[in-house]
Amino acid sequence: MFSKENLFFGGIFVLMTAIFLVWGHNNLSSNYMLFTLAAFFGIFMAFNIGGNDVANSFGTSVGAKTLTVKQALVIAAVFELGGAMLAGAEVTNTIKKGIVDISGMDFDPMLLVFVMMSSLLAAGTWLLYATFKGYPVSTTHAIIGGILGGSIALGFATLDEGESVFGLVHWDKIGTIAISWVVSPILGAIAAYLIYWYIKVYILDYNDKVEHHINDIKAQLTALHNSFDSQNATSEEKKVYEEQVHELQRLKKKQNSFYALRKHAPIIAAIGTAMIAGMLLFKGLKHANLGLNDAQIYMLIIVVSTIMYGAVFAIIKVMHKETPHKATMRVFSMLQVLTASSFAFSHGANDIANAVGPFAAVLDILQTNKISGESPVPFIAMTTFGVALVAGLWFIGKEVISTVGNKITEIFPVTGFTAELAATFVVLFATVLGIPVSSTHILVGAVLGIGIFNKDANWTLMKPIAIAWIITLPVAGGLAAIFFFGLKYLFGY
């Protein structure tokens, strides 16, 4: 419990929280009590995103033993923050402005503070429960449910009789998001199924067929050698024997040169790199003023992908002492680090906004006493929430890591890479469209797709996970409504 690692991460977490509270005191002395409470709720939400969503994101990597938990922490810290800061704004705006229409309502802006605070506390509470049960659930689902429940409670508290509270809700937006939650795991499963089918047929099965063919030829050669004396053998027998020896040498050469791996793995790596680079250049870094036009960006993507193709090809060429199976696992372990990093980036772009977005709205109202269309996020707030996210992964993420990494289906480097690449594709596509999809549903769907392909999916475990998915929004909404009225009463509004 009091290991050096726990003390280190716990100490950094506490120190960063303290620094953030001091910053708040210096900038919001008149509303410091509300700021402190909102900060704790936001940090609590970020901590539980780390324990559940980041944990399930890295479950495949840790389950495949490609990354240790400590290594996953490092990747999470760098790429989750990078994704949130570079590509998360569009999703944040969808969450803040696309769920409930409060523009025509006349109410004290502080009531919106209570809506956002209650949504953070409600979503964080549900995530904490699900995490301890080992259920990977959607933080996006939870925070939207919280904002929805808190906003409906706001309507009941402020609207006159006869006015429709439920008319405030953009049900078309809720319907679109709900459809995406259903479609997300299906798309994840289909993408993973197809990617794994390609790898299985053209690399794994090919290696197995060559191995079996070699063993068959060896057996035939032994039988032929035992059936005749080489000195008295007929020319036809010698010809058959020599042909089999030649075929054996040909197959061994293919086996030793990792023919299938050398042919297909660099292509897979190049395509994955192109997808990741495209996301970074067209979406993640579009505000960085790189001064590149579309043609230059495409050329840069081609260059980076070509470099990756050559690097993977060169790595395979020097693996002389490995068996094809070991070489394949090593190559895909390295590629899985790439996909884990990209998935962390895309996850940060979508899901850390679930904590930062509502808190940014709270902070903006406390500073200006009015509701603004845009809520800037101070760097110290992003850093503090990022540290909380990593701390959550470290302290409470092991149960969800175990569920995703071991219990739904067997995960090894090839299948882990496949799940992460498939999930990255779907999540990045959704991020570009600004749709707050659930990376959890996508990744679990991808893992399940592999289980379906291998016919070893744990459907018994999927039942409680599916129930948890279904009740996340209403549970978070109900808790948020209760918390809203509690905060309203506590602060005398």
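Enquirer: Before we move on, could you go through the overall build of the protein and cite the residues and values that matter?
Expert: In terms of helices and strands, the protein carries 17 helices and zero strands. A buried classification covers 54% of the 493 residues belonging to the protein. Within the protein, contacts between residues at least 6 apart in sequence are counted, and of these 85% link residues at least 24 apart. Working note: accessible area of the protein is about 21,800 Å², and carbon and sulfur atoms make up 65% of it.

Enquirer: Kindly report on unusual backbone geometry, identifying the contributing residues and their values.
Expert: With a phi angle near 60 degrees, N369 is a residue other than glycine that sits in the positive phi range. We note that K455 has phi near 60 degrees; this positive angle belongs to a residue other than glycine. With respect to the helices and strands, K455 occurs in the loop between α16 (439-454) and α17 (459-490).

Enquirer: For the packing of aromatic side chains, give the residues involved together with the corresponding values.
Expert: Per the counting criterion, the structure on display carries 22 aromatic pairs. Between F13 and F47 the ring centres are 5.7 Å apart and the planes differ by 25 degrees, which places this aromatic pair in the stacked class. Of this pair, F13 sits in helix α1 (residues 4-27) while F47 sits in helix α2 (residues 32-63), and the two are 34 residues apart along the sequence. The two residues F13 and F47 agree in class, both being buried. Taking 6.4 Å as the distance between ring centres and 10 degrees as the angle between the ring planes, the aromatic pair formed by Y309 and F313 counts as stacked. Taken together, the positions of Y309 and F313, both in helix α10 (residues 294-317) and four residues apart, correspond to about one turn of that helix. Ring pairing ties together the aromatic residues F20, W23, Y32, F35, F359 and F385, which thus form one cluster. One Lys or Arg, K398, reaches over the ring of W394 and ends 5.3 Å from the middle of that ring.

Enquirer: Any details on the environment of L448? Residues and values, ideally.
Expert: Mapped onto the elements of the fold, L448 is located in helix α16. Sequence-wise, L448 and A189 are 259 residues apart; in three dimensions their C-alpha atoms are separated by 6.3 Å. With residues up to four places along the chain from it excluded, the contact list for L448 reads I408, A457, W459 and M462.

Enquirer: An account of the side chain of S118 is needed here, citing residue identities and associated values.
Expert: Tracing the chain through its elements places S118 in helix α5 (residues 109-133). Residue classification places S118 among the buried residues on the basis of a relative accessible area of 0%. Here S118 is in contact with G150, A480, F483, F484 and L487, once residues within four sequence places are set aside.

Enquirer: Would you mind going over the environment of A388 in detail, with residue names and values included?
Expert: The topology assignment puts A388 in helix α13 (residues 379-396). A relative accessible area of 0% places A388 in the buried class. Separated by 311 residues in sequence, A388 and A77 have C-alpha atoms that sit 9.9 Å apart. Not counting the four nearest positions on each side in its chain, A388 is found in contact with F13, I43, A46 and F47.

Enquirer: Give a detailed account of the pattern of salt bridges, specifying residues and quantitative values.
Expert: Under the defined criterion, the tally for this structure stands at one salt bridge. Its salt-bridge partner being K200, residue D205 comes within 2.8 Å of it at the nearest N-O pair.

Enquirer: Describe the nonpolar core, listing the residues and the values that go with them.
Expert: Grouped together as the largest cluster of nonpolar side chains are 105 residues, with contacts concentrated most on F20, F35, F58, V113, M117 and F359. By size, the runner-up hydrophobic cluster in this structure holds 21 residues, among which are A327, V331, V414 and L421.

Enquirer: Can you break down the environment of L148 residue by residue, with the values?
Expert: Its place among the elements puts L148 in helix α6 (residues 139-158). The buried category is assigned to L148, whose relative accessible area is 7%. Once the C-alpha coordinates of L148 and I174 are considered, the two residues, 26 residues apart in sequence, prove to be 9.4 Å apart.

Rules behind the numbers
Residues numbered from 1 in each chain as written. Predicted model: local features only at pLDDT ≥ 70, side-chain atom pairs only at ≥ 80, totals over all residues. Heavy atoms only, no water. Helix = DSSP H or I, 4+ residues; strand = E, 2+ residues; numbered from the N terminus. Buried < 20%, exposed > 50% of the residue type's maximum accessible area, 1.4 Å probe, protein only. Contact = heavy atoms within 4.5 Å. Areas by Shrake-Rupley, 256 points an atom, 1.4 Å probe, with all protein chains shown as cover. Phe/Tyr/Trp six-rings, centres within 6.5 Å; stacked < 30°, edge-to-face > 60°. Lys NZ or Arg CZ within 6 Å of the ring centre and 35° of its normal. Salt bridge = Lys/Arg side-chain N within 4 Å of Asp/Glu carboxyl O. Core = buried A, V, L, I, M, F, W, Y, C linked by side-chain atoms within 4.5 Å.

All we've got here are geometric facts, nothing functional implied.
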